[in-house]
Amino acid sequence: QAQLAESGGGLVQEGDSLSLSCAATARTFTRAAMGWFRQTPVNEREFVAAIGWSGDEYYADSVRGRFTISRDNAKNTGYLQMKSVKPEDTAVYYCATTRTNHYNDYVEYDYWGQGTQVTVSL
């Protein structure tokens, strides 16, 4: 059984909205922070947003004000609401969990989903 599984990616136009979901096992999600990262073929995995177990939120400067991270601890599910998307948001988006507070460092994350492609066209 996969520990984390993303869904909701797809092809959208610039300025549109898109929501991603991350379904986790209870063991993976409980008392852990959840982060979203993205990666393109030419870039390293990039921090997008993270949310602590208690709901504290953190964002990369490039998405602050456009993306919103949230979680439903009862459902072991995390979300990334993307608004006013831009072509530079095109990437494979991954969710991951960590029990550290180094939220923006992908090496601190223990479990990863398989990724979901988001493509933003002009």
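About the cut-offs
- Residues numbered from 1 in each chain as written.
- Predicted model: local features only at pLDDT ≥ 70, side-chain atom pairs only at ≥ 80, totals over all residues.
- Heavy atoms only, no water.
- Core = buried A, V, L, I, M, F, W, Y, C linked by side-chain atoms within 4.5 Å.
- Buried < 20%, exposed > 50% of the residue type's maximum accessible area, 1.4 Å probe, protein only.
- Helix = DSSP H or I, 4+ residues; strand = E, 2+ residues; numbered from the N terminus.
- Contact = heavy atoms within 4.5 Å.
- Pairing = 2+ DSSP bridges.

A.B. asks: I'd like a rundown of the nonpolar core, residues and numbers included.
C.D. replies: W36, L80, M82 and Y93 are the most contacted members of the largest nonpolar core, which totals 32 residues. Every element with two or more residues in this core is listed here: β3 (18–24), β4 (33–39), β5 (46–51), β7 (67–72), β8 (77–82), β9 (91–98) and β11 (116–121). Top element by residues in this core is β5. It accounts for five residues. Ignoring sequence-local partners within four residues, the contact set of Y93 consists of E6, L20, W36, F37, R38, V48, F67, L80, M82, G115, T116 and V118.

A.B. asks: Could you give an account of the pairing of β3, naming the residues involved and the relevant values?
C.D. replies: Along β3, the buried face is formed by L18, L20, C22 and A24; none of S19, S21 and A23, which line the opposite face, is buried. As judged from the four bridges shared by strand β1 (residues 4–7) and β3, these two strands associate in the antiparallel manner. Its bridge partner being in β3, L4 is matched across the sheet by A24. Of the pairings in the sheet, the one linking β3 to β8 comprises six bridges and is antiparallel in character. Residue pairing across strands places L20 opposite L80, the latter belonging to β8.

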